[in-house]
Amino acid sequence: PLIGSVGKGLLKQIRLILRAENIAFPGLPVEIKKTASTKVFTMNKLLTNFQHHLDEQDLSPLTIKGYLSDLGHFEGWFERVNAETLKVQRITPTDVKNYKQFLLNIERRKAGTVNRRLAALAALCKWARQTKQITSDPTENIKGVASVARSPKWLDKHEQHALKRAIENDLE
């Protein structure tokens, strides 16, 4: 029914778009051909290559582990929200902004956590741009979250008394 109501020229355009995006659509025969020259890596391969890059940068093993964990969190969010497998080429500035808002408003993460997760994503995108996997960095104009200043800590009565005694003893 769908194919019969669409002109042949439009159907050909739809097939080309779906083939380019590697999308299968029920009722619309689309051949998907993978070529060896395709630069689109699976996320596992991409993260493995990124991990090697981080190792070469002499980062702490805990930093690398944290980055990979944070990127795994982003991958899960991206795939749930966009209903597509994450490829670094598919990340947009809107995705990054929405992820930041998700962390703040839905997960209610603190500024430090949000900034760390955004830093991991920014490091990945910067590396992907340097290795010519993407042409622009979707994290480039995304600002971190300002930390909330801690309120001053007050001394309890016992600590106040001890401070007064120490001052009095020093004055004598």
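Each residue is numbered by its place in its chain's sequence as written, counting from 1. With the structure being a predicted model, the display of local features is reserved for residues of pLDDT at least 70 and the display and counting of side-chain atom pairs for 80 or more, all residues being used for whole-chain, interface and lining totals. Side-chain numbers here rest on the full set of heavy atoms in the structure, without hydrogens or water.

Engineer: Now, about the nonpolar core: what can you tell me, with residues and values included?
Structural biologist: Ranked by internal contacts, the top residues of the largest apolar core, which has 30 residues, are F74 and L124. A run of DSSP states H or I qualifies as a helix once it reaches four residues; a run of E qualifies as a strand once it reaches two. Both are numbered from the N-terminal end. Elements with a minimum of two residues in this core: α2 (43-56), α3 (61-82), α4 (93-106) and α5 (111-130). When residues no more than four places from it in sequence are discounted, the contact partners of F74 are L86, I91, Y99 and L121. Working definition of a nonpolar core: buried Ala, Val, Leu, Ile, Met, Phe, Trp, Tyr and Cys residues. They are joined through side-chain atoms within 4.5 Å. Per-residue accessibility, obtained with a 1.4 Å probe over protein chains only, is compared with the maximum for each type, and a residue is labelled buried under 20%, exposed over 50%, and partly exposed between these values. By the convention used here, residues are in contact when the closest approach between their heavy atoms is within 4.5 Å.

Engineer: Tell me about the packing of α3 against α4, residues and numbers included.
Structural biologist: Every axis corresponds to a line fitted to the C-alpha atoms, with the helix fit spanning only the stretch in contact, and the corresponding angles, defined between N-to-C directions, vary from 0 to 180 degrees. Interhelical geometry of α3 versus α4 gives an angle of 105° and a closest axis separation of 11 Å. Judged by the angle between their axes, α3 and α4 are roughly perpendicular. In this structure, α3 uses D70, H73, F74, W77, F78, R80 and N82 to contact α4, whose residues at the interface are D95, N98, Y99, F102 and L103. Under this grouping Gly is polar, as are all residues other than the nonpolar Ala, Val, Leu, Ile, Met, Phe, Trp, Tyr, Cys and Pro and the charged Asp, Glu, Lys and Arg. The residue makeup of the contact of α3 with α4, split by class, is six nonpolar, three polar and three charged. The labels follow the angle: roughly parallel below 35 degrees, roughly antiparallel above 145, roughly perpendicular from 65 to 115, and oblique for the rest.

Engineer: Which residues make up the packing of α3 against α5, and what are the values?
Structural biologist: Here α3 crosses α5 at 90°, and the two axes come no closer than 9 Å. As summarised for this structure, α3 and α5 are arranged roughly perpendicular, according to the angle between their axes. Residue-level inspection shows Y67, D70, L71, H73 and F74 of α3 in contact with α5, the latter providing R116, R117, A119, A120, L121, A123 and L124. Considered class by class, the residues forming the contact of α3 with α5 number eight nonpolar, one polar and three charged.

Engineer: Give me the lowdown on a nonpolar patch on the surface, citing residues and values where you can.
Structural biologist: On the surface, a cluster of nonpolar side chains totalling about 400 Å² of accessible area is made up of L155, L163, I167 and L171. By the element assignment, L163 lies in helix α6 (residues 157-171). What makes a patch is a set of residues exposed beyond 30% relative accessible area and free of salt bridges, joined within 9 Å when like-charged and within 5 Å when nonpolar (Val, Leu, Ile, Met, Phe, Trp, Tyr). Using the Shrake-Rupley algorithm and a 1.4 Å probe, accessible areas are obtained, with residue cover drawn only from the displayed protein chains. The working definition used for a salt bridge is a side-chain nitrogen of Lys or Arg within 4 Å of a carboxyl oxygen of Asp or Glu.

Engineer: So what's going on with the side chain of R117? Residues and values would help.
Structural biologist: Within the secondary structure, R117 sits in helix α5. With residues near it in sequence (within four places) discarded, R117 still touches D70, H73, Y99, L103, E107 and R109.

Engineer: Lay out the pattern of salt bridges with the relevant residues and their values.
Structural biologist: Counted by the stated rule, this structure contains six salt bridges. The salt bridge partner of R116 is D70, with a shortest N-O separation of 2.7 Å. Of this pair, R116 sits in helix α5 while D70 is found in helix α3, placing the two residues 46 residues apart along the sequence. Its relative accessible area of 39% is what places R116 among the partly exposed residues. Owing to a relative accessible area of 2%, D70 belongs among the buried residues under this scheme. Between E107 and R109 there is a salt bridge; the shortest N-O distance is 3.0 Å. Residue E107 is classed as partly exposed on the basis of its relative accessible area, which comes to 25%. Using a relative accessible area of 35% as the deciding quantity, one classes R109 as partly exposed. One salt-bridge network, held together by shared partners, links D70, E107, R109, R116 and R117.

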